[in-house]
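Chain and residue survey
What follows is each chain in one-letter form.
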Amino acid sequence: MSEVSVSPLPDPAHDSSNESSHGDGAFAAGGGGTGVGGSGGTGVGVGPGLAAELARIVGPAHVLTRASALLVYESDALPGNQRTPGLAVFPGTRDELIAVVRCLAAAGTPFVARGAGTGLSGGALADGAVLLGVHRLKRIIAIDAEARTAIVEPGVVNATLTRAVTSLGLHYAPDPSSQTACTLGGNLAENAGGPHCLKYGVTLNHVVHATVVLPSGEVVGLDRGDAGGYDLLGAFVGSEGCFGIAVDMTVRLTPDPQEVITLLADFSSIRAAADATSAIIAAGILPAALELMDQATIIAVEDSIYAAGYPRDAAAVLLIELDGATAGLRDDADAVSRLCHGSGARGVLRATDAAARSKLWQGRKKAFGAMGRVASHLVVQDAVVPRTMLAELLTEIAAIGERHGVQVCNVFHAGDGNLHPNIPYDATNAEQSARVHAAMQEIMARCIAAGGTITGEHGVGLDKLPYMDALFTPETLDAMCTLRDVFDPERRANPGKVVPVRACKEWHGVTGTRAATNR
Amino acid sequence: MNATSIARPTLTPRDAAELSAIVRESTAGLRIRGGGTWLDAGHPVRASHELRLDGFAGIRAYVPADLTISVGAATTLAELDRVTAAHGQWCPLFSWGDDRASIGAVIATASAGPAAPMLGRPRDLVIGLECVDGLGRVVRAGGRVVKNVAGFDLTRLMTGAWGTLGVITEVHLRLRSRPSVDETWVVTPTPSGGAEFAAFLRGPYAPLAAHPINAHEAPTPWLVRLGGNAAFVAAAREALRALGECALETHSAWERVRAHGAPAELASRWQWNALSRRVRERFDPRNQLNPGLLGEPV
């Protein structure tokens, strides 16, 4: 295990050219202003002077300014929304990252941090602002098997960390479906979840420290507060790039369970599957994961290369994973099996070997990809309701889909009440897009009315902004703005996201439909 | 024991709106008092008035099958335990101190406890809260569902802030089912078995909680709580017995452990930095909420 020394400032020897160019400030006016830009597609403060300055920090190969090159970065995994960044910059080291943020601070330029661009809420869209990608910062700095922690840079891919510690009998527990692509920095910014968060908790519960560069360029260490201090790490996790960028983060590693049992329960109604979910939770069994897939999802998966052997005629299946010590695990699996049968399951399949389990999981984890067979675009929605409301909500969601003539595919974390009603559609078809948007609005309203929330793990980003007023009181939203102002008083980091700020004019809002924007 | 026996005029709002009015309409420093169990923690509070939260007691919402509960901040841990136990559940905080403490204070002090490594800290178990901040805003942070990333996380901000950013009036908590078998043991690991005992605490049969009873004694006896289904606990018990002399204890032994640990010291050695000062200035610009408690300069 190697030790890390965390220097609060960029190494001057390493960084002297930047420091001197900081000093003359010649670039600062390059873009023509100090604006909180991004209102018109070409961001205020983003111009050739700034690009040259950034190129001096990261090297010209890592600054993109041409429209054709920026095309790649005009969207994340939220379909039907494109925003063109003013430029894109990709620092390769910690010092470069800090220098880039300081450069942008000096220029007063807004910026949007981006990991792998797998976010589903439009959080990494940069409308004229500087897009700051952290994917080159992919060093695993230290692994401490004894303390069960790892220190990583923000661009490390989620699954890469688990692979790096597999030989130690450890893994990184939060496992979003995009884990083979998404970065830990992005996970931190979004407070990402995943199927196994039912038992193990979300990103928040697995990060113990982060070194962060604030939008001002200050570098601060954030902790959970258990040594005597505010829980500023807790405040930072899930701040969606609005509070700064993690330079490094210390995460907990979880010991691999002694044994894992995966069950696939097959139901002839989605309501029965929801009832079984409630019965399992109420019985006091805490599965590692408890996932529900409906028939539309099952068929999309079974038609694809990710076919997992799910029963095509099932109205819904539950994928239930139990893990832990060998003693007692089979008793829990037997109990789960009985509860599923008691709720009307037609059959319960049990996979105990790794190959059979990974096949069952492949269908679940690649379900979103499989839906690519159904239509060209897919809205992957995210909402949470109290667990006892699941059956009722699923019935209502089906009715809403029918009313708007859209197909809803449900594949979600049933154990947490975390719904993912997904709608495959064609974003180039304006009429269809409008119907999808209307259906989603109704689904969200219904989840809020049921005492739930508008996002359990994907973030608000741009997509959920219109629902924030329905979920939070004006005073609460105001307090959120106060918190943002602590970290970023100039509101240059990911402007216009998460909290609707009417007083701030830096963002022109969402388009109002899910149609692809044509410019 | 009670360091703050200084008589202060008392304010007793009945709801968040009244509390908001108190904060908005006066510049008086407020000494926040829930169960009154942590009043000797931290630095002396320079407040002219005592704010009593007695009006915020009681269960507000509880659907056992959701495994969540909403309670007024002045609800005691004893009451929370009584209500959830009736449904085979608990909020497994086992915080430092005792069960007379209010849940609001447990969240405000982020008082963890011997079970925190396994069952979660206050920050892991609180899913939302209502508070009145130093601007008098009634803030409803988070929600009542177990997964929620909507908006900036004011819940985590208020948790462990010792009331200096907002007065917590209601909390929403995640609950767990009580294990079907739950046993407390005293184990004295054999002098040569320290490594094995450490491995046990981190292994597949890890206990819900483990705490040394008397660190000055050698070998040190440990209090260990085993929980799970019958087969799990049977295996864990066997593993424990292999490590040293074991004796079954009552769960009340944990009360003595909890009484000796405390978050009080955290308030005394609070670490201020530029960012935390900024938080304090913005959420309580008039320095009204527990002023001085964390030793910050006026």
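A tally of helices and strands in chain A yields 17 helices and 20 strands. Sorting the 519 residues of chain A into buried and exposed places 61% on the buried side. Summed over all atoms, the accessible surface of chain A reaches about 17,200 Å², with 54% contributed by carbon and sulfur.

Ranked by size, the top nonpolar core spans 144 residues in total, and within it Leu161 and Phe487 of chain A together with Ile103, Leu157, Leu173 and Phe283 of chain B carry the most contacts. Residues contacting Leu173 of chain B, with those up to four places away along its chain left out, are Leu67, Thr68, Ile69, Val71, Leu80, Cys91, Ile103, Ile107, Leu125, Val126 and Ile127 of chain B. Counting 28 residues, the second-largest nonpolar core is a separate cluster that includes Ala51, Leu87, Val89 and Val134 of chain A.

Turning our eyes to something else, we now look at the sheet that holds strand β7 (residues 126-133) of chain B. The strands making up a sheet associate through backbone hydrogen bonding, with each pair oriented either parallel or antiparallel. All names here are of chain B. Here we have five strands laid out as an open sheet, ordered β4-β5-β9-β7-β8, and antiparallel in their pairing. The sheet is open, and its two edges are formed by β4 (59-63) and β8 (138-142), each paired on a single side. Direction aside, neighbouring strands of the sheet carry axes that sit 15 degrees apart on average. In this structure, strand β5 (residues 68-72) lies alongside strand β9 (residues 166-174), joined through five bridges in antiparallel fashion.

Quick look at the packing of helix α9 (residues 270-282) of chain A against helix α11 (residues 329-342) of chain A now. All names here are of chain A. Running from N to C, α9 and α11 point in directions that differ by 140 degrees, and their axes come no closer than 9 Å. Between α9 and α11 lies a crossing of right-handed hand. Contacts between α9 and α11 pair Ala276, Ala279 and Ile280 from the former with Val336, Leu339 and Cys340 from the latter. Among the residues forming the contact of α9 with α11, the class breakdown is six nonpolar, no polar and no charged.

Tallied over the full model, the rule gives 44 salt bridges over all chains. In this structure, the salt-bridge partner of Asp226 of chain A is Arg121 of chain B, at a minimum N-O distance of 3.5 Å. You can see Asp226 of chain A sitting in the loop between β9 (219-223) and α8 (232-236) and its partner Arg121 of chain B sitting in the loop between α4 (116-119) and α5 (122-125), one on each of two chains. In this structure, the salt-bridge partner of Arg137 of chain B is Asp133 of chain B, at a minimum N-O distance of 2.8 Å. Taken individually, Arg137 of chain B and Asp133 of chain B each receive the classification buried, so the pair is uniform in this respect. Salt bridges sharing partners connect three or more residues here, namely Arg33, Glu50, Arg52 and Asp54 of chain B.

All names here are of chain A. Scanning the model with the defined rule gives zero disulfides over all chains in all. With no disulfide of its own, Cys182 lies 11 Å from the sulfur of Cys197, the closest cysteine sulfur. With no disulfide of its own, Cys242 lies closest to Cys481 among cysteine sulfurs, the gap being 10 Å.

Residues and elements named next belong to chain A. Looking at chain A, pLDDT values average 89 and 88% of them are 70 or higher. Below a pLDDT of 50 lies the segment residues 1-43, which in the model reaches 76 contacts outside its immediate sequence neighbourhood of four places, other chains included. Overall, residues 503-514 carries pLDDT values under 50, and its contacts beyond four positions in sequence, including any with other chains, amount to 40 contacts.

Residue and element names in this part refer to chain B. Each assigned domain of chain B is listed with its residue range as follows: domain 1 (1-178 + 266-284) and domain 2 (181-249). Taken over C-alpha atoms, the centre of domain 1 sits 33 Å from the centre of domain 2. Counting residues at the interface gives seven residues for domain 1 and eight residues for domain 2. Taken as a group, Trp90, Pro114 and Met118 account for 65% of the area that domain 1 buries against domain 2, more than any other trio of residues on that side.

Chain A puts 76 residues into the contact, and the matching count from chain B is 55 residues. Overall, the association of chain A and chain B removes approximately 5,300 Å² of surface from exposure, summing both partners, and the carbon and sulfur fraction of that is 57%. Run the count over chain A and chain B and you get seven salt bridges. Measuring nitrogen to oxygen at the nearest pair gives 3.0 Å for the salt bridge that ties Arg278 of chain B to Glu218 of chain A. Where chain A packs against chain B, one counts 25 residue pairs in polar contact (both at pLDDT 80 or more).

All names here are of chain A. With 14 residues, helix α14 (residues 390-403) extends 20 Å between its outermost C-alpha atoms, agreeing within 8% with the 20 Å of an ideal straight helix rising 1.5 Å per residue. Of the positions making up α14, those classed as buried are Leu390, Ala391, Leu393, Leu394, Ile397, Ile400 and Gly401. Against α9, β13 (289-294), β18 (409-413), β19 (418-419), β20 (421-425) and α15 (430-449) lie the buried residues of α14. Trailing α14 by a residue or two, Gly405 shows a phi angle of about 65 degrees, which is positive.

If you roll a probe as big as a water molecule over the atoms, it shows you where there is empty space left. The final tally for this structure, using the stated rule, is five cavities of 30 Å³ or more. The computed volume of the largest cavity comes to approximately 380 Å³. If you go around the largest cavity, you meet 32 residues; those closest to its centre are Asn191 and Leu204 of chain A together with Asn148, Asp153 and Arg156 of chain B. Contributions of two or more residues to the lining of the largest cavity are made by α7 (197-200) of chain A together with α5, β7, β8 and α6 (154-158) of chain B. Residues belonging to the lining of the largest cavity are distributed by class as follows: 15 nonpolar, 10 polar and seven charged. Each pocket or cavity is described by its volume, and for the second largest cavity that value is around 280 Å³. For the second largest cavity, the lining is made up of 23 residues, of which Ile32, Gly34, Ala105, Ala108 and Asn290 of chain B are closest to its centre. Residue assignment for the lining of the second largest cavity shows that the elements contributing at least two residues are β2 (30-33), α3 (103-109) and β9 of chain B. At four residues, α3 of chain B tops the list of elements feeding residues into the lining of the second largest cavity.

Checked against the element boundaries, Asn418 of chain A lands in strand β19. Polar side-chain contacts of Asn418 of chain A include one of 2.8 Å to the side chain of Asp382 of chain A. Polar contacts involving the side chain of Asn418 of chain A include one to the side chain of Lys147 of chain B, which spans 2.9 Å. Among residues more than four places away in sequence, those in contact with Asn418 of chain A are Asp382, Ala383, Val384, Phe412, His413, Gly456 and Glu457 of chain A together with Lys147 of chain B.

About the thresholds
- Positions within a chain are numbered from 1, following the residues in the order the chain's sequence is written.
- Chain letters start at A and ligand numbers start at 1, both assigned in the order the entries are written.
- In view of the model being predicted, local features appear only for residues whose pLDDT reaches at least 70, and side-chain atom pairs are presented and counted only at 80 or more, with totals across whole chains, interfaces and linings using the full set of residues.
- Each side-chain value is worked out from all heavy atoms of the structure, with water and hydrogens disregarded.
- By the criteria applied, helices consist of DSSP H or I runs no shorter than four residues and strands consist of E runs no shorter than two, each listed in order from the N terminus.
- Burial classes follow relative accessibility: with a 1.4 Å probe on protein chains only, a residue under 20% of its type's maximum area counts as buried, one over 50% as exposed, and anything between as partly exposed.
- Where accessible areas are quoted, they stem from the Shrake-Rupley method and a 1.4 Å probe; at the residue level, only the protein chains shown are allowed to cover.
- Throughout, nonpolar core names a set of buried Ala, Val, Leu, Ile, Met, Phe, Trp, Tyr and Cys residues whose side chains join them through atoms within 4.5 Å.
- Contact definition: two residues touch when any of their heavy atoms are within 4.5 Å.
- Two strands are counted as paired when DSSP detects at least two bridges linking them.
- Orientation is described by axes fitted as lines to C-alpha atoms, over the contacting stretch for helices, and by angles from 0 to 180 degrees between their N-to-C directions.
- Crossing chirality is assigned from the near helix's rotation relative to the far helix, an anticlockwise turn below a right angle marking it left-handed and a clockwise turn marking it right-handed.
- The nonpolar class holds Ala, Val, Leu, Ile, Met, Phe, Trp, Tyr, Cys and Pro. Asp, Glu, Lys and Arg form the charged class, and all remaining residues, Gly among them, are polar.
- We count a salt bridge whenever a side-chain nitrogen from Lys or Arg sits within 4 Å of a carboxyl oxygen from Asp or Glu.
- The disulfide criterion is simple: two cysteine sulfur atoms within 2.5 Å.
- You can read pLDDT as the predictor saying how much it trusts each residue, on a scale of 0 to 100.
- Annotation comment: domain bounds sourced from an automatic or database domain assignment.
- The quantity reported as buried area is the accessible area (1.4 Å probe) lost by two parts once they are put together, taken as the sum for both.
- Pairing of N or O atoms within 3.5 Å defines a polar contact, subject to two protein rules: one partner must be a possible hydrogen donor and the other a possible acceptor, and residues neighboring in sequence count only if both atoms are side-chain atoms.
- Expected helix span is computed as 1.5 Å times (number of residues minus one).
- Using a 1 Å grid laid over the protein atoms alone, points where a 1.4 Å probe fits but cannot get out form a cavity; open sets with protein on both sides within 12 Å along at least 5 of 7 lines form a pocket; any residue with an atom within 4 Å of a point counts as lining.
- Grid points are joined across faces, edges and corners, and a volume is the space filled by probe spheres set on the points.

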